[in-house]
Amino acid sequence: MVTEIGYVSLLVAGLGGLAGGLGYLAMRIARGRW
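Only a predicted model underlies this, so the values are computations on that prediction, with no experimental measurement involved. Residue positions are given per chain, counted from 1 along the sequence in the order it is written. Given that this is a predicted model, residues contribute local features only at a pLDDT of at least 70 and side-chain atom pairs are listed and counted only at 80 or more, while totals for whole chains, interfaces and linings are drawn from all residues. Values reported for side chains reflect all heavy atoms of the structure, with hydrogen atoms and water molecules removed beforehand.

UniProt positions are given in the numbering used here, feature names are shortened, and annotations may be inferred rather than shown by experiment. The feature "transmembrane region" (unreviewed entry), as given by UniProt, occupies residues 6–27 in the numbering adopted here. Each end of residues 6–27 is marked by a C-alpha atom, and these two atoms are 31 Å apart; helix forms 100% of the span and strand 0%. Here a strand is any run of E in DSSP of at least two residues, a helix any run of H or I of at least four, and the numbering for each starts at the N terminus.

It is worth spelling out helix α1 (residues 2–33) at this point. In this model α1 runs 46 Å from its N-terminal to its C-terminal C-alpha over 32 residues, within 8% of the 46 Å that 1.5 Å per residue would give. Among the 32 residues that make up α1, zero are buried, leaving the element largely open to the surroundings. To estimate how far a helix should extend, the number of its residues minus one is multiplied by 1.5 Å. Burial classification: accessible surface area is computed with a 1.4 Å probe over protein chains only, and a residue below 20% of its type maximum counts as buried, one above 50% as exposed, and the rest as partly exposed.

Below, the discussion takes up a nonpolar patch on the surface. Put simply, a patch holds well-exposed residues, over 30% relative accessible area, that have no salt bridge, with like charges counted together within 9 Å and Val, Leu, Ile, Met, Phe, Trp or Tyr side chains within 5 Å. To measure how exposed things are, a 1.4 Å probe is used in the Shrake-Rupley method; for residues, cover is taken only from the protein chains shown. The term salt bridge refers to a pairing of a side-chain nitrogen on Lys or Arg with a carboxyl oxygen on Asp or Glu at a separation within 4 Å. A cluster of nonpolar side chains, contributed by Y7, V8, L11, V12 and L15, occupies part of the molecular surface with about 520 Å² of accessible area. With respect to the element layout, Y7 can be found in helix α1. Overall, Y7 belongs to the exposed group, its relative accessible area being 56%.

In this section: the environment of V8. Topologically, V8 is positioned in helix α1. By relative accessible area, V8 is classed as partly exposed at 48%. Separated by 13 residues in the primary sequence, V8 and G21 place their C-alpha atoms 20 Å from one another.

Along the chain, G20 turns up in helix α1. Sequence separation of G20 and V2 is 18 residues, and the distance between their C-alpha atoms is 26 Å.

Have a look at this one:
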């Protein structure tokens, strides 16, 4: 059960970090072009 919670939390953290990184990169590219 602890491993399940850890895996889920790790997955959520990974997705959140990936989304944040992509959003930051997109914002930087948009600001660089505009």
